[in-house]
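Overview (structure and organization)
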Amino acid sequence: RSAEILKQQEELETSALNYPKYFSIAVKEAKGSTIVDVDNNVYIDWFAGIAVVNLGHNNPIIRQAVDSQLDKIWHYMEIPTEIRIEFMKTLRRTLNFDAKFLFTTTGADAVEAAVKIARWNSGKRYIIAFNEAYHGVSAATIGLSNMLNHRKFQPYYDNNVIRLPYPYEYRCPFKDCLNEVLSLVDYEMKNNDVAGIIVEPVAGEGGYIVPPKGFLKGLREITTEYNVPLIIDEIQTGVGRTGKIWAYEWEGIKPDIVTISKGIGEGIPISLVAFNKDLDKLPQAFHLGTYRGNPIGMAVGNATLNYIMNSNLLERVITLGDFTKKRFDEIMEDNYKQGKYDVRGLGFMIGIEFSNERKDPISVKPFIDILLKKGIIMYKSGIYDNVLRYMAPLTIPKLLIDRGLEKFEETIKLSNQ
Ligand code: PMP
(Lines give C-alpha, C1' and ligand atoms only; values in the text may rest on other atoms or scores of the structure.)
Protein backbone atom coordinates (compact mmCIF):
# COMPACT_ATOMS: atom_id res chain seq x y z
CA ARG A 1 0.00 0.00 0.00
CA SER A 2 2.87 2.37 0.82
CA ALA A 3 4.47 1.68 -2.55
CA GLU A 4 1.20 2.44 -4.36
CA ILE A 5 0.72 5.75 -2.53
CA LEU A 6 4.33 6.76 -3.11
CA LYS A 7 3.84 6.06 -6.81
CA GLN A 8 0.79 8.31 -6.89
CA GLN A 9 2.67 11.03 -5.08
CA GLU A 10 5.40 10.80 -7.68
CA GLU A 11 2.85 11.33 -10.44
CA LEU A 12 1.14 14.26 -8.72
CA GLU A 13 3.85 16.12 -6.87
CA THR A 14 7.10 17.70 -7.96
CA SER A 15 10.07 15.38 -8.34
CA ALA A 16 12.07 17.82 -6.23
CA LEU A 17 10.81 16.33 -2.96
CA ASN A 18 13.39 15.42 -0.36
CA TYR A 19 12.02 13.31 2.47
CA PRO A 20 10.29 10.50 0.51
CA LYS A 21 13.74 9.78 -0.97
CA TYR A 22 14.86 8.90 2.55
CA PHE A 23 11.72 7.38 4.03
CA SER A 24 9.84 5.30 1.49
CA ILE A 25 6.64 4.91 3.51
CA ALA A 26 3.18 6.45 3.45
CA VAL A 27 2.08 7.41 6.93
CA LYS A 28 -1.34 6.56 8.31
CA GLU A 29 -1.22 7.90 11.83
CA ALA A 30 1.06 8.82 14.70
CA LYS A 31 0.86 8.88 18.46
CA GLY A 32 3.50 9.97 20.93
CA SER A 33 6.82 8.80 19.51
CA THR A 34 5.53 6.19 17.10
CA ILE A 35 4.41 6.35 13.49
CA VAL A 36 2.19 3.80 11.78
CA ASP A 37 2.39 3.38 8.01
CA VAL A 38 -0.50 2.46 5.73
CA ASP A 39 0.58 -1.19 5.87
CA ASN A 40 0.34 -1.05 9.68
CA ASN A 41 4.10 -1.23 10.28
CA VAL A 42 5.04 0.64 13.43
CA TYR A 43 8.15 2.85 13.59
CA ILE A 44 9.96 4.58 16.42
CA ASP A 45 10.10 8.25 15.51
CA TRP A 46 13.53 9.83 16.08
CA PHE A 47 12.70 12.49 13.47
CA ALA A 48 9.68 14.30 15.00
CA GLY A 49 8.76 15.86 11.64
CA ILE A 50 12.18 17.53 11.64
CA ALA A 51 12.29 18.61 15.28
CA VAL A 52 8.72 19.92 15.29
CA VAL A 53 6.50 17.66 17.40
CA ASN A 54 8.50 18.20 20.58
CA LEU A 55 5.65 17.04 22.82
CA GLY A 56 4.90 13.98 20.71
CA HIS A 57 2.31 13.30 18.04
CA ASN A 58 -1.30 13.80 18.92
CA ASN A 59 -0.48 15.02 22.42
CA PRO A 60 -3.78 15.31 24.36
CA ILE A 61 -2.74 18.67 25.89
CA ILE A 62 -2.12 20.12 22.45
CA ARG A 63 -5.29 18.61 21.08
CA GLN A 64 -7.26 20.23 23.86
CA ALA A 65 -5.68 23.62 23.04
CA VAL A 66 -6.57 23.21 19.34
CA ASP A 67 -10.12 22.07 20.10
CA SER A 68 -10.90 24.92 22.46
CA GLN A 69 -9.50 27.51 20.03
CA LEU A 70 -11.47 25.97 17.15
CA ASP A 71 -14.62 26.75 19.13
CA LYS A 72 -13.62 30.45 19.29
CA ILE A 73 -11.93 31.88 16.19
CA TRP A 74 -9.56 30.55 13.51
CA HIS A 75 -8.40 33.63 11.67
CA TYR A 76 -8.73 37.36 12.05
CA MET A 77 -5.49 39.03 10.93
CA GLU A 78 -3.81 41.28 13.51
CA ILE A 79 -7.01 42.31 15.28
CA PRO A 80 -6.28 41.13 18.82
CA THR A 81 -7.82 38.02 20.28
CA GLU A 82 -7.49 36.91 23.88
CA ILE A 83 -5.23 34.04 22.92
CA ARG A 84 -2.90 36.42 21.05
CA ILE A 85 -2.34 38.50 24.19
CA GLU A 86 -2.12 35.48 26.48
CA PHE A 87 0.43 33.75 24.24
CA MET A 88 2.66 36.84 24.06
CA LYS A 89 2.55 37.22 27.84
CA THR A 90 3.51 33.57 28.34
CA LEU A 91 6.27 33.85 25.77
CA ARG A 92 7.64 36.96 27.43
CA ARG A 93 8.01 35.06 30.69
CA THR A 94 10.36 32.61 28.96
CA LEU A 95 12.68 35.28 27.51
CA ASN A 96 15.41 37.10 29.44
CA PHE A 97 14.98 40.47 27.70
CA ASP A 98 12.24 43.03 27.33
CA ALA A 99 10.64 41.61 24.20
CA LYS A 100 8.11 42.69 21.62
CA PHE A 101 6.80 40.32 18.99
CA LEU A 102 6.18 40.17 15.28
CA PHE A 103 4.23 37.18 13.98
CA THR A 104 5.16 35.31 10.82
CA THR A 105 4.18 31.98 9.25
CA THR A 106 7.24 29.84 8.55
CA GLY A 107 10.82 29.69 9.78
CA ALA A 108 12.17 31.42 6.69
CA ASP A 109 9.53 34.15 7.02
CA ALA A 110 10.64 34.81 10.62
CA VAL A 111 14.28 34.99 9.52
CA GLU A 112 13.40 37.44 6.74
CA ALA A 113 11.61 39.67 9.22
CA ALA A 114 14.48 39.40 11.73
CA VAL A 115 17.05 40.45 9.14
CA LYS A 116 14.84 43.34 8.03
CA ILE A 117 14.57 44.52 11.65
CA ALA A 118 18.37 44.40 11.98
CA ARG A 119 18.94 46.32 8.74
CA TRP A 120 16.23 48.87 9.42
CA ASN A 121 17.58 49.65 12.87
CA SER A 122 21.28 49.68 12.08
CA GLY A 123 20.89 51.31 8.66
CA LYS A 124 23.64 48.97 7.47
CA ARG A 125 23.94 46.40 4.72
CA TYR A 126 25.71 43.08 5.34
CA ILE A 127 24.61 40.20 7.51
CA ILE A 128 27.25 37.87 8.92
CA ALA A 129 26.20 34.21 8.69
CA PHE A 130 28.19 31.02 9.18
CA ASN A 131 29.39 28.18 6.95
CA GLU A 132 27.19 25.44 8.39
CA ALA A 133 24.17 27.74 8.67
CA TYR A 134 20.63 26.97 7.60
CA HIS A 135 18.05 29.74 7.91
CA GLY A 136 15.54 28.81 5.18
CA VAL A 137 15.47 28.74 1.39
CA SER A 138 13.14 31.61 0.46
CA ALA A 139 14.63 34.22 -1.86
CA ALA A 140 15.67 36.40 1.06
CA THR A 141 17.10 33.57 3.20
CA ILE A 142 18.80 31.25 0.71
CA GLY A 143 21.88 33.45 0.79
CA LEU A 144 22.11 32.91 4.54
CA SER A 145 21.89 29.12 4.22
CA ASN A 146 24.80 27.10 2.92
CA MET A 147 23.78 23.54 2.11
CA LEU A 148 25.33 22.24 -1.12
CA ASN A 149 22.19 22.16 -3.25
CA HIS A 150 21.20 25.70 -2.23
CA ARG A 151 24.47 27.30 -3.22
CA LYS A 152 23.67 27.20 -6.92
CA PHE A 153 20.77 29.59 -6.33
CA GLN A 154 22.68 32.06 -4.24
CA PRO A 155 24.00 34.13 -7.16
CA TYR A 156 20.42 34.94 -8.22
CA TYR A 157 19.54 36.32 -4.81
CA ASP A 158 22.32 38.58 -3.66
CA ASN A 159 21.47 38.81 -0.01
CA ASN A 160 24.55 40.78 1.01
CA VAL A 161 25.86 38.07 3.26
CA ILE A 162 29.36 37.78 4.71
CA ARG A 163 30.02 34.12 5.42
CA LEU A 164 32.45 33.04 8.09
CA PRO A 165 33.47 29.66 9.53
CA TYR A 166 31.36 28.23 12.36
CA PRO A 167 33.51 26.90 15.20
CA TYR A 168 33.12 23.28 14.07
CA GLU A 169 35.77 21.65 16.21
CA TYR A 170 35.80 18.26 14.44
CA ARG A 171 36.75 19.99 11.17
CA CYS A 172 38.20 23.30 12.27
CA PRO A 173 41.01 24.63 10.09
CA PHE A 174 42.33 26.76 12.96
CA LYS A 175 44.41 25.84 15.97
CA ASP A 176 42.35 27.86 18.40
CA CYS A 177 39.00 27.40 16.71
CA LEU A 178 36.87 29.63 18.91
CA ASN A 179 39.17 32.62 19.19
CA GLU A 180 40.23 32.64 15.57
CA VAL A 181 36.59 32.56 14.41
CA LEU A 182 35.75 35.39 16.79
CA SER A 183 38.68 37.42 15.56
CA LEU A 184 37.42 37.05 11.95
CA VAL A 185 34.00 38.26 13.07
CA ASP A 186 35.60 41.23 14.78
CA TYR A 187 37.68 42.03 11.70
CA GLU A 188 34.65 42.00 9.38
CA MET A 189 32.72 44.10 11.83
CA LYS A 190 35.47 46.68 11.96
CA ASN A 191 36.01 46.87 8.20
CA ASN A 192 32.58 46.31 6.67
CA ASP A 193 29.11 47.80 6.74
CA VAL A 194 27.68 45.02 8.94
CA ALA A 195 23.99 45.26 9.94
CA GLY A 196 23.95 42.26 12.27
CA ILE A 197 24.92 38.66 12.89
CA ILE A 198 22.63 35.64 12.57
CA VAL A 199 23.63 32.42 14.30
CA GLU A 200 22.21 29.08 15.39
CA PRO A 201 23.20 28.16 18.98
CA VAL A 202 23.68 24.59 17.69
CA ALA A 203 24.03 24.28 13.90
CA GLY A 204 20.98 22.21 12.90
CA GLU A 205 20.92 21.29 9.22
CA GLY A 206 24.68 21.94 9.15
CA GLY A 207 25.41 18.79 11.17
CA TYR A 208 24.20 19.14 14.76
CA ILE A 209 27.40 20.96 15.61
CA VAL A 210 27.71 22.23 19.16
CA PRO A 211 30.07 25.21 19.20
CA PRO A 212 32.60 25.55 22.02
CA LYS A 213 31.50 27.38 25.13
CA GLY A 214 32.05 31.09 24.77
CA PHE A 215 30.97 31.38 21.12
CA LEU A 216 27.65 33.11 21.68
CA LYS A 217 29.18 35.17 24.47
CA GLY A 218 31.94 36.29 22.12
CA LEU A 219 29.42 37.23 19.42
CA ARG A 220 27.39 39.10 22.04
CA GLU A 221 30.43 41.13 23.09
CA ILE A 222 31.39 42.00 19.51
CA THR A 223 27.86 43.01 18.45
CA THR A 224 27.49 45.12 21.59
CA GLU A 225 30.78 46.86 20.88
CA TYR A 226 29.72 47.73 17.32
CA ASN A 227 26.12 48.38 18.32
CA VAL A 228 24.41 46.04 15.86
CA PRO A 229 21.80 43.37 16.64
CA LEU A 230 22.65 39.75 17.41
CA ILE A 231 20.00 37.48 15.88
CA ILE A 232 19.72 34.06 17.50
CA ASP A 233 17.93 31.57 15.25
CA GLU A 234 16.11 29.27 17.70
CA ILE A 235 13.86 27.74 15.05
CA GLN A 236 15.36 24.27 15.57
CA THR A 237 17.08 24.62 18.96
CA GLY A 238 14.19 26.32 20.75
CA VAL A 239 11.19 25.21 22.80
CA GLY A 240 13.10 22.80 25.00
CA ARG A 241 15.03 20.80 22.43
CA THR A 242 18.43 21.36 24.03
CA GLY A 243 17.19 21.11 27.61
CA LYS A 244 16.55 24.84 28.04
CA ILE A 245 13.52 26.58 26.59
CA TRP A 246 15.95 28.66 24.49
CA ALA A 247 19.40 27.30 23.69
CA TYR A 248 21.01 30.74 24.12
CA GLU A 249 20.32 30.33 27.86
CA TRP A 250 23.22 27.84 28.01
CA GLU A 251 25.57 30.80 27.46
CA GLY A 252 23.67 33.21 29.68
CA ILE A 253 23.52 35.89 26.98
CA LYS A 254 20.74 38.34 26.17
CA PRO A 255 19.95 38.36 22.43
CA ASP A 256 18.51 41.33 20.53
CA ILE A 257 16.38 39.28 18.14
CA VAL A 258 15.19 35.65 18.35
CA THR A 259 13.49 33.68 15.58
CA ILE A 260 11.01 31.03 16.72
CA SER A 261 9.07 28.32 14.84
CA LYS A 262 8.91 24.50 14.60
CA GLY A 263 8.30 23.29 18.21
CA ILE A 264 6.22 26.30 19.19
CA GLY A 265 3.43 25.14 16.84
CA GLU A 266 3.86 21.36 17.27
CA GLY A 267 2.95 20.99 13.60
CA ILE A 268 0.52 23.92 13.25
CA PRO A 269 2.35 26.42 11.00
CA ILE A 270 3.29 29.43 13.10
CA SER A 271 6.47 31.40 13.62
CA LEU A 272 7.48 34.70 15.08
CA VAL A 273 10.26 37.09 15.90
CA ALA A 274 10.92 38.23 19.46
CA PHE A 275 13.02 41.37 19.58
CA ASN A 276 14.20 43.91 22.09
CA LYS A 277 11.60 46.63 22.44
CA ASP A 278 14.27 49.28 21.76
CA LEU A 279 14.32 48.01 18.16
CA ASP A 280 10.61 48.64 17.74
CA LYS A 281 11.01 51.72 15.58
CA LEU A 282 9.52 50.01 12.57
CA PRO A 283 7.20 51.70 10.05
CA GLN A 284 3.56 50.73 9.75
CA ALA A 285 2.96 47.54 7.71
CA PHE A 286 6.69 46.73 7.86
CA HIS A 287 6.13 43.00 7.40
CA LEU A 288 2.78 41.67 6.19
CA GLY A 289 1.11 38.42 5.20
CA THR A 290 -2.42 37.10 5.43
CA TYR A 291 -1.67 34.03 7.50
CA ARG A 292 0.73 35.54 10.02
CA GLY A 293 -0.17 34.84 13.63
CA ASN A 294 -2.74 32.10 13.37
CA PRO A 295 -4.84 31.84 16.57
CA ILE A 296 -4.75 28.02 16.58
CA GLY A 297 -0.95 28.12 16.41
CA MET A 298 -0.94 30.64 19.24
CA ALA A 299 -3.16 28.42 21.39
CA VAL A 300 -0.77 25.55 20.75
CA GLY A 301 2.28 27.72 21.49
CA ASN A 302 0.72 28.87 24.73
CA ALA A 303 -0.14 25.32 25.84
CA THR A 304 3.32 24.06 24.86
CA LEU A 305 5.22 26.69 26.84
CA ASN A 306 2.93 26.30 29.86
CA TYR A 307 3.47 22.55 29.76
CA ILE A 308 7.24 22.94 29.59
CA MET A 309 7.34 25.48 32.43
CA ASN A 310 5.12 23.36 34.68
CA SER A 311 6.67 19.93 34.16
CA ASN A 312 10.09 18.33 34.52
CA LEU A 313 10.49 18.02 30.75
CA LEU A 314 13.67 20.12 30.55
CA GLU A 315 15.51 18.06 33.19
CA ARG A 316 14.34 14.94 31.36
CA VAL A 317 15.82 16.22 28.09
CA ILE A 318 19.16 16.93 29.77
CA THR A 319 19.37 13.58 31.60
CA LEU A 320 18.12 11.40 28.76
CA GLY A 321 20.03 13.45 26.19
CA ASP A 322 23.31 12.83 28.07
CA PHE A 323 22.47 9.14 28.43
CA THR A 324 21.63 8.74 24.74
CA LYS A 325 24.72 10.63 23.58
CA LYS A 326 26.93 8.43 25.77
CA ARG A 327 25.33 5.28 24.37
CA PHE A 328 25.83 6.47 20.78
CA ASP A 329 29.47 7.13 21.62
CA GLU A 330 29.95 3.67 23.17
CA ILE A 331 28.22 1.95 20.27
CA MET A 332 30.37 3.81 17.74
CA GLU A 333 33.56 3.09 19.63
CA ASP A 334 32.81 -0.63 19.88
CA ASN A 335 31.42 -1.15 16.39
CA TYR A 336 32.45 1.44 13.83
CA LYS A 337 35.58 0.13 12.15
CA GLN A 338 35.45 1.96 8.81
CA GLY A 339 37.04 5.20 9.84
CA LYS A 340 36.69 8.15 12.17
CA TYR A 341 33.52 9.46 13.74
CA ASP A 342 32.33 12.19 16.06
CA VAL A 343 29.42 12.06 18.51
CA ARG A 344 28.25 15.41 19.87
CA GLY A 345 25.09 17.06 21.07
CA LEU A 346 23.11 19.12 23.48
CA GLY A 347 19.89 17.68 24.94
CA PHE A 348 17.86 16.02 22.20
CA MET A 349 20.02 17.34 19.38
CA ILE A 350 22.61 14.60 18.96
CA GLY A 351 24.73 14.22 15.85
CA ILE A 352 26.87 11.24 14.81
CA GLU A 353 29.29 12.23 12.07
CA PHE A 354 30.80 9.54 9.82
CA SER A 355 34.05 9.72 7.90
CA ASN A 356 36.81 7.47 6.65
CA GLU A 357 40.30 7.40 8.12
CA ARG A 358 41.24 10.58 6.20
CA LYS A 359 38.10 12.24 7.53
CA ASP A 360 36.47 12.35 4.09
CA PRO A 361 32.71 12.42 4.64
CA ILE A 362 30.77 9.14 4.32
CA SER A 363 27.09 9.38 3.33
CA VAL A 364 24.70 8.11 5.99
CA LYS A 365 21.95 7.21 3.49
CA PRO A 366 22.71 3.43 3.72
CA PHE A 367 22.38 3.60 7.52
CA ILE A 368 19.05 5.43 7.21
CA ASP A 369 17.74 2.70 4.87
CA ILE A 370 18.73 -0.09 7.25
CA LEU A 371 17.35 1.75 10.28
CA LEU A 372 14.02 2.27 8.51
CA LYS A 373 13.81 -1.47 7.73
CA LYS A 374 14.45 -2.10 11.42
CA GLY A 375 11.63 0.27 12.39
CA ILE A 376 13.58 3.43 13.30
CA ILE A 377 13.00 6.77 11.59
CA MET A 378 16.29 8.64 11.81
CA TYR A 379 17.35 11.45 9.48
CA LYS A 380 20.61 12.93 8.22
CA SER A 381 22.22 16.29 8.62
CA GLY A 382 25.41 18.07 7.57
CA ILE A 383 26.52 19.80 4.40
CA TYR A 384 27.89 16.48 3.13
CA ASP A 385 24.98 14.31 4.35
CA ASN A 386 27.38 12.45 6.63
CA VAL A 387 25.75 13.03 10.00
CA LEU A 388 22.94 11.01 11.57
CA ARG A 389 20.83 13.05 13.93
CA TYR A 390 18.76 12.14 16.91
CA MET A 391 15.81 14.52 17.30
CA ALA A 392 13.07 12.42 18.89
CA PRO A 393 10.05 14.03 20.56
CA LEU A 394 11.16 15.28 23.99
CA THR A 395 8.49 13.09 25.57
CA ILE A 396 9.73 9.81 24.06
CA PRO A 397 9.53 6.92 26.58
CA LYS A 398 12.92 5.59 27.69
CA LEU A 399 11.91 2.18 26.39
CA LEU A 400 11.76 3.53 22.83
CA ILE A 401 15.19 5.12 23.22
CA ASP A 402 16.62 1.79 24.41
CA ARG A 403 14.92 -0.15 21.63
CA GLY A 404 16.16 2.34 19.05
CA LEU A 405 19.72 2.16 20.41
CA GLU A 406 19.65 -1.65 20.04
CA LYS A 407 18.64 -1.27 16.39
CA PHE A 408 21.26 1.43 15.92
CA GLU A 409 23.96 -0.90 17.25
CA GLU A 410 22.85 -3.72 14.92
CA THR A 411 22.97 -1.26 12.02
CA ILE A 412 26.50 -0.08 12.73
CA LYS A 413 27.65 -3.70 13.15
CA LEU A 414 26.18 -4.57 9.75
CA SER A 415 28.14 -1.75 8.12
CA ASN A 416 31.40 -3.54 8.86
CA GLN A 417 30.46 -6.71 7.00
N1 PMP B 1 16.24 28.21 10.69
C2 PMP B 1 16.59 27.02 11.19
C3 PMP B 1 17.61 26.95 12.27
C4 PMP B 1 15.98 25.85 10.71
O5 PMP B 1 16.34 24.66 11.21
C6 PMP B 1 14.99 25.96 9.70
C7 PMP B 1 14.29 24.73 9.15
N8 PMP B 1 14.96 23.54 9.19
C9 PMP B 1 14.68 27.23 9.21
C10 PMP B 1 15.32 28.33 9.73
C11 PMP B 1 13.65 27.41 8.12
O12 PMP B 1 12.38 27.12 8.57
P13 PMP B 1 11.23 26.79 7.52
O14 PMP B 1 11.56 25.45 6.94
O15 PMP B 1 9.97 26.74 8.32
O16 PMP B 1 11.25 27.88 6.51
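Residue positions within a chain follow its written sequence, with the count starting from 1. Per-residue local features are limited, in this predicted model, to residues with pLDDT of at least 70; the limit for side-chain atom pairs, both in listing and counting, is 80 or more; totals at the level of whole chains, interfaces and linings are taken over all residues. Hydrogens and waters are ignored; side-chain quantities use all the structure's heavy atoms.

1. A look at the overall build of the chain
In this description a helix means any DSSP run of H or I spanning at least four residues, a strand means any run of E spanning at least two, and both kinds are numbered starting from the N terminus. Scanning the chain from N- to C-terminus turns up twelve helices and 15 strands. The size measure is the radius of gyration over C-alpha atoms, and the globule rule it meets is 2.2 Å times the number of residues to the 0.38 power. By the compact-globule yardstick of 22 Å for 417 residues, the chain fits well, its C-alpha radius of gyration being 21 Å. Taking all 417 residues of the chain together, the buried fraction comes to 55%. Of all intrachain contacts in the chain linking residues separated by at least 6 positions in sequence, the fraction that spans at least 24 positions is 72%. Here the chain contributes 50 positive and 52 negative side-chain charges, whose respective centroids are spaced 0 Å apart. Only protein chains enter the accessibility calculation, which uses a 1.4 Å probe. A residue is then buried if its area is under 20% of the maximum for its type, exposed if over 50%, and partly exposed in between. Residue contacts are defined here by distance: any two heavy atoms, one from each residue, within 4.5 Å place the two residues in contact. Under this rule, positive means Lys or Arg and negative means Asp or Glu; His and the chain ends count for nothing. To locate a charge, take atom NZ for lysine, CZ for arginine, CG for aspartate or CD for glutamate.

2. What to know about the layout of surface pockets
With a 1 Å grid laid over protein atoms only, a set of points is called a cavity when a 1.4 Å probe fits there but cannot get out and a pocket when it is open yet has protein on both sides within 12 Å along at least five of seven lines; lining residues have an atom within 4 Å of a point. Grid points are joined across faces, edges and corners, and a volume is the space filled by probe spheres set on the points. Within this model, the largest pocket holds a volume of roughly 1100 Å³. Around the largest pocket sit 43 residues that line it, and Asn18, Tyr19, Ile50, Tyr134 and Glu205 are the ones nearest its centre. When residues of the lining of the largest pocket are traced back to their parent elements, those giving at least two are helix H2 (48-51), helix H5 (107-122), helix H6 (148-151) and strand E14 (379-381). Classifying every residue of the lining of the largest pocket gives 19 nonpolar, 16 polar and eight charged. Domain assignment of the residues forming the lining of the largest pocket places at least three in each of domain 1 (2-59 + 312-414) and domain 2 (72-309). Computed from the structure, the second largest pocket encloses a volume of approximately 580 Å³. What lines the second largest pocket is a set of 21 residues, among which Glu78, Arg84, Phe101, Leu102 and Phe103 lie closest to the centre. At the level of elements, helix H4 (82-94) and strand E4 (99-104) are the ones that each hand at least two residues to the lining of the second largest pocket. The element best represented in the lining of the second largest pocket is E4, accounting for five residues. Gly is placed with the polar residues, together with every amino acid not listed as nonpolar (Ala, Val, Leu, Ile, Met, Phe, Trp, Tyr, Cys and Pro) or charged (Asp, Glu, Lys and Arg). The split of the chain into domains comes from an automatic or database domain assignment.

3. Focus: the pairing of strand E10 (residues 271-276)
The buried count for E10 comes to six of six residues, which makes it a mostly enclosed element. DSSP calls a pair of strands paired once it identifies at least 2 bridges connecting them. As defined by bridge partners, E4 adjoins E10 across six bridges and the pair is classed as antiparallel. In the sheet register, Leu102 faces E10, and the bridge partner there is Val273. By the bridge criterion, four bridges tie strand E9 (residues 257-260) to E10 in an arrangement that is antiparallel. In the sheet register, Ile260 faces E10, and the bridge partner there is Leu272.

4. A word on the packing of helix H3 (residues 60-70) against helix H9 (residues 295-309)
Note on method: axes are straight lines fitted to C-alpha atoms, helices fitted across the in-contact stretch only, with angles between N-to-C directions ranging 0 to 180 degrees. Axis separation between H3 and H9 bottoms out at 9 Å; the angle between their running directions is 145°. As H3 packs across H9, the resulting crossing turns out to be right-handed. Only Pro295, Ile296, Ala299, Val300, Ala303, Thr304 and Tyr307 of H9 make contact with H3, whose side of the interface consists of Ile61, Ile62, Ala65, Val66, Gln69 and Leu70. By convention, the crossing between two helices is left-handed when the near helix turns anticlockwise from the far helix through less than a right angle, and right-handed when the turn is clockwise.

5. Some details on the site of the ligand
Inspection of the region around the ligand gives Thr106, Gly107, Ala108, Tyr134, His135, Gly136, Glu200, Glu205, Asp233, Ile235, Gln236 and Lys262 as its neighbouring residues. Think of a polar contact as two N or O atoms within 3.5 Å of one another; within protein, one of them needs to be a possible hydrogen donor and the other a possible acceptor, and neighboring residues in sequence only count if both atoms come from side chains. Asp233 has a polar side-chain atom sitting 2.7 Å from a nitrogen atom of the ligand. Here the ligand, which alone exposes 390 Å², has 83% of that area covered by the protein. Occupancy of a cavity or pocket is assigned to a molecule whenever over half of its atoms lie within 2 Å of that pocket's grid points. For the ligand, the cavity whose grid points lie within 2 Å of the majority of its atoms is the largest pocket. Whether a residue is near a molecule or strand is decided by its heavy atoms; if any one of them lies within 4 Å of it, the residue is near. Surface accessibility follows the Shrake-Rupley procedure with a 1.4 Å probe radius. Residue values consider only the protein chains on display as shielding.

6. Quick notes on the sheet that holds strand E3 (residues 42-45)
In spatial order, the strands read E1-E2-E3-E13; together these four strands make up an open sheet with mixed pairing. Bordering the open sheet on either side are strand E1 (27-31) and strand E13 (376-377), each of which pairs with just one other strand.

7. Examining the environment of Ala110
Topologically, Ala110 is positioned in helix H5. A relative accessible area of 0% means that Ala110 is categorised as buried. Remark: the alpha-carbon pair of Ala110 and His135, spanning 25 residues in sequence, is separated by 9.4 Å. Sequence-distant contacts of Ala110, defined by excluding residues within four places in its chain, comprise Thr104, Thr259, Ser271, Leu272 and Val273.

8. Examining the pattern of salt bridges
Any Lys or Arg side-chain nitrogen located within 4 Å of an Asp or Glu carboxyl oxygen qualifies as a salt bridge. All chains considered together, the criterion is met by 20 salt bridges. For Arg292, the salt bridge identified is with Asp109, shortest N-O distance 2.7 Å. Note that Arg292 is positioned in the loop between E10 and H9 and Asp109 in helix H5, a separation of 183 residues in sequence. On the accessibility criterion, Asp109 (9% relative accessible area) is buried. With a shortest N-O distance of 2.9 Å, Lys380 and Asp385 are connected by a salt bridge. The exposure class of Lys380 is buried, given its relative accessible area of 14%.

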